Each structure stands twice: as C-alpha cells, then as structure tokens.
Amino acid sequence: MDKNEKFVITINRELGSGGRTIGEKLAKKLGVPFYDKAVINALKEEYHLNANEIEALKGRKHDWWSEFKRNLSAGLFTSQSQYYQLPVGDEPDLLTTDEMFETERDIIKGIANAESCVIAGRSGFYVLRDHPNHISILIQAPMERRIARVMTKQGMNYEEAEKTIKKIDKMRENYVQKYTKTSRYDTRNYDLVITVDERNEDEFVDLILAYLK
C-alpha cells in the first residue's frame, strides 16, 4: 500500500476482539477518517439513501461522495464506541435485504474513491477487492477473551455474552456468504490476519503500521 496515494484499509473483526478500537486508533495514527456500521447506518437513515438515489447522485456528480460529504454535519462522522446489539426477535439470517447491501456497497465505494480512510466491517474486504491501493485485515481473538471483553463492555454475564457472540458470528457469516459467496473466516480474503493476545491495542496498531511500511 502506498500511503502517498489515496488508500483504504478495511478491517473485518470478531465481536469482542477489540478490532473496532484498533481500527479507530489506526485511523487516528494515519490521520484519516474511520467509518463503521454506525456511520453508514446514520447516512442511510438521516438522508434516506437507497441504491436508486445513490445512482442519481452519481449521475449528477462525478465525485458524488465528496460533494455529499461537504453537506453533512461534522458530528455525523464522530463514531460512538458501542457494541452491536441484536434486536429482540430478529433472526441472524434475516437482517439485511438486497437493497440494503447495494446501498451500503455504493456508500463504501463512494467513501473509498473520495478519500483515504479506514473502514470496519460491512464486507469491505470484498466490496473494495479491486481497489488499487487497498489493504484488508482480519482481527480475531480466542473465544474466552472475546467473552470476557463483551461481559465487561456490555455488563453481561458469561452465558449472555457467549450467546450474543454466537448470534453475531452467525449473522455476520450469513451476511458475508449471501452477498460475497465466500466466508469471512477464509484467510485468503485478507492481506493480514491478527489474533489478539495479551498485548494492548496500541501495540497492535503499531504492528499494523509496521506491516504497512
């Protein structure tokens, strides 16, 4: 990856691995924006975006994302640290429609074409697989470490944390398989795979920065 040119780093991570925090810190070190599901959902909901509307935007503006972003309030891009919470009653394989995927795909492509950035989740590794200056990273962790982190962050007991992780794992894998025809666990989809251990998040950020060099 050439940091002197427009670049994008995509991070796929397991719930409870700390991957989202690592991504945020990495973006800060690189001096670029960090985007994740919360930001993409805010865009869709606040501006009622869908795939057809984005196509119309692209038809009017060559660099539609840059033009669109200039009209956004700065606060929209301040991502709040939060864990994914599965809505009560929703099944893990029924949460995303084709139109939702197409909308998210076009938003992600618009972001990556307009500016250097770090993007977490939303199958960015697949959506941006043909981007000329793209690095894809998978961040994972042992189950016991993931459970302990979710217990701390969410105030859950062991059983609740384990159940939540398994549900989210299933949901994310179903999402990836449905829309990319591959597995999020297939390491061939990534340039760098990290298994989180006892080191702190800043050390993993430094590891990634060393890899980028």
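How each quantity is defined
- Residues numbered from 1 in each chain as written.
- Predicted model: local features only at pLDDT ≥ 70, side-chain atom pairs only at ≥ 80, totals over all residues.
- Heavy atoms only, no water.
- Phe/Tyr/Trp six-rings, centres within 6.5 Å; stacked < 30°, edge-to-face > 60°.
- Helix = DSSP H or I, 4+ residues; strand = E, 2+ residues; numbered from the N terminus.
- Buried < 20%, exposed > 50% of the residue type's maximum accessible area, 1.4 Å probe, protein only.
- Lys NZ or Arg CZ within 6 Å of the ring centre and 35° of its normal.
- Expected span 1.5 Å × (residues − 1).
- Pairing = 2+ DSSP bridges.

J.: Would you take a moment to explain the packing of aromatic side chains for this structure?
T.: The relative placement of two aromatic rings is captured by the distance of their centres and the angle of their planes. Summed over the entire model, instances satisfying the criterion amount to 4 aromatic pairs. A ring pair is formed by F101 and Y179, whose centres lie 4.4 Å apart and whose planes are at 10°; its orientation type is stacked. Highlighted residues: F101 in helix α5 (residues 98-114) and Y179 in helix α8 (residues 158-180), separated in sequence by 78 residues. Accessibility classification places F101 together with Y179 in one group, the buried group. Ring geometry for F125 against Y190: centres 5.3 Å apart, planes inclined by 50°, an arrangement best described as tilted. One end of the pair, F125, is in helix α6 (residues 124-127); the other, Y190, is in the loop between α8 and β5 (192-195), and 65 residues separate them in sequence. Through a chain of ring-to-ring contacts, the aromatic side chains of F101, Y175 and Y179 assemble into a single cluster. A cation over a ring is seen here: R129 above Y126, with NZ or CZ 3.9 Å from the ring centre.

J.: Help me understand α5, please; the structure alone is not making it clear to me.
T.: In an α-helix, one full turn covers 3.6 residues, which means residues spaced three or four apart are oriented alike. With 17 residues, α5 extends 24 Å from end C-alpha to end C-alpha; this agrees with the ideal 24 Å at 1.5 Å per step. Among the residues of α5, those classed as buried are F101, T103, E104, D106, I107, I108, G110, I111, A112 and A114.

J.: Explain the pairing of β5 here, please?
T.: Here is the key point about a regular strand: its side chains alternate between the two faces of the sheet. With burial as the criterion, only one face of β5 is covered, namely that bearing L192 and I194; the residues V193 and T195 on the opposite face remain uncovered. As defined by bridge partners, strand β4 (residues 134-140) adjoins β5 across 4 bridges and the pair is classed as parallel. Looking at the pairing, I139 lines up with I194 of β5.

The analysis is restricted to geometry; functional conclusions fall outside its scope.
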